[in-house]
Amino acid sequence: MCFRQFFTPQEIELLRSGIDANIANPSPRAKVASRPDDPGWFLEDFCNWQENEAYRKFIFDSPAAALAGSLMRSKTARLYHDHMLTKEPGTRQKTPWHQDQPYYNIDGFQNCSLWIPVDPVARESSLEFIAGSHRGPWLMPRSFMDHQAKWFPEGSLNDLPAIEANRAAFPICGWEVQPGDVIAFHMLTLHSAGGVSGSQRRRVFSVRFLGDDIRHAPRRWKTSPEFPGLTDALPPGAPMDHALFPVVWTSSL
Ligand SMILES: O=C(O)CCC(=O)C(=O)O
C-alpha cells in the first residue's frame, strides 16, 4: 500500500540527516549487499535507533507508528527494528524476491514494515510486491547473493516460485515514489526491488512494527537482524516485551 505525502518535508529531512550520519558511521551490523564489481554500492544497516538520534526522534515523534498500528488493526505498535537501505547511483544489484518474516525471530500476523524513501525513486528501482502473498505460505529464505538456505533447513519450506521468469502470471504491483511517500507492507508479502540507474541515489529508511499478537520465536540459527542475548531474556511464545522493542503507539479507541 502506498500513501502519498504522508510525512512532512521536516520529517524527511530528519531521516535524511539520520541516514547520512549512519552511512558516514556504519554499525558493526552493516552489510554491503552488492558484489565487488557492481558499479554502484548497496549498503544496509540495522537496529541503530538507540545511537542515531534522528532515527529515534523520527520513530518516537512522527506518525509512522500510528500508521502501522492502524494498518495492523492493533491496540499497540511496538518498534521491532530500523533498517537503512541505500543504493548508490549505478547499483546493478537487485533485491531478489523474498518475504521478511522467515528471516526474523517472530511469529504472529499483526506486523507492518514502512519503507520510506528520502530520494525520488523510479518505478523500476522501487519496491514491488505480489498482491495477497501476505496470506502465506512461508517460503524458503535464502541469502541474497549466493542463495544459501542459512535459516530454515533445506527442504523444510517450499522455495519461491520463479516470479521473474513469468512475471505476467503474478499480480505484481509497485509505485514510483517521492520523498514524503511511504510504502507499507506485511512481513510475509513477497517483495523485490530493482537496481538504480542514472545519477540518482536511493536512500531508504525502513522501520518495522509489531502488533498485539506477535510472539517471540527463538531460532536455532542467526536471524537477520540478530538480537544477541534475547533468547536468555524472553522465553519462546512470550510477547516482545523488552527494552529493545518499546511500545511507541497506543490506540486511543
Ligand atoms: O530496498 C530494497 O531494495 C529492499 C527492501 C526490503 O526488502 C525490505 O525493506 O524488506
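Position numbers for residues count from 1 along each chain, tracking the sequence in the order it is written. The predicted nature of this model means local features are confined to residues of pLDDT at least 70 and side-chain atom pairs, given and counted, to a pLDDT of 80 or more, with totals for whole chains, interfaces and linings taken over all residues. To get the side-chain values, all heavy atoms of the structure are used, and hydrogens and water are removed first.

### What about the site of the ligand?
Residues are counted as near a molecule or strand when any one of their heavy atoms sits within 4 Å of it. As a matter of local geometry, the ligand sits amid 14 residues, with T95, D100, W115, H191 and R202 nearest to it. One of the side-chain nitrogen or oxygen atoms of W115 is found 3.0 Å away from an oxygen atom of the ligand. Each accessible area is a Shrake-Rupley result for a 1.4 Å probe, and residues are judged covered by the shown protein chains and nothing else. Contact with the protein chains hides 98% of the accessible area of the ligand, taken as 290 Å² for the molecule alone. If you map the ligand onto the pockets, it falls in the largest pocket. Every element with two or more residues in the shell around the ligand is listed here: strand 4 (76-87), strand 5 (95-98), strand 11 (191-193) and strand 12 (202-210). Here a polar contact means two N or O atoms within 3.5 Å. Within protein one must be a hydrogen donor candidate and the other an acceptor candidate, and residues neighboring in sequence count only if both atoms are side-chain atoms. Cavities and pockets were defined on a 1 Å grid built over protein atoms only: a cavity is a set of grid points that admits a 1.4 Å probe from which the probe cannot escape, a pocket is an open set flanked by protein on both sides within 12 Å along at least five of seven lines, and lining residues are those with an atom within 4 Å of any such point. A molecule is counted as occupying a cavity or pocket when more than half of its atoms fall within 2 Å of that pocket's grid points. Note on conventions: DSSP H or I runs of at least 4 residues are helices, E runs of at least 2 residues are strands, and numbering of each starts at the N terminus.

### Looking at the nonpolar core
In this structure, L114, I116, F205, V207 and F209 are the most contacted members of the largest nonpolar core, which totals 28 residues. Here this core gets 5 residues from one element, more than from any other, and that element is helix 3 (residues 64-72). When sequence neighbours within four positions are dropped, the list of residues in contact with V207 reads I59, L79, H81, C112, S113, L114 and I116. In this text, buried Ala, Val, Leu, Ile, Met, Phe, Trp, Tyr and Cys residues form a nonpolar core when linked through side-chain atoms within 4.5 Å. Note on exposure labels: buried denotes an accessible area under 20% of the residue type's maximum, exposed denotes more than 50%, and partly exposed covers the range between, all computed with a 1.4 Å probe on protein chains only. M140, M187, L230 and F245 belong to the second largest nonpolar core, which has 20 residues in total. Only heavy atoms enter the contact rule, under which two residues are in contact if any of them lie within 4.5 Å.

### Remarks on the environment of E88
Among the secondary structure elements, E88 is positioned in the loop between strand 4 and strand 5. Residues E88 and M1, 87 residues apart in the sequence, show an inter-C-alpha distance of 25 Å. In contact with E88, other than residues within four places in its own chain, are G40, W41, V196 and R201. Within the structure, the side chain of E88 is placed 2.8 Å from the side chain of R201, a separation counted as a polar contact.

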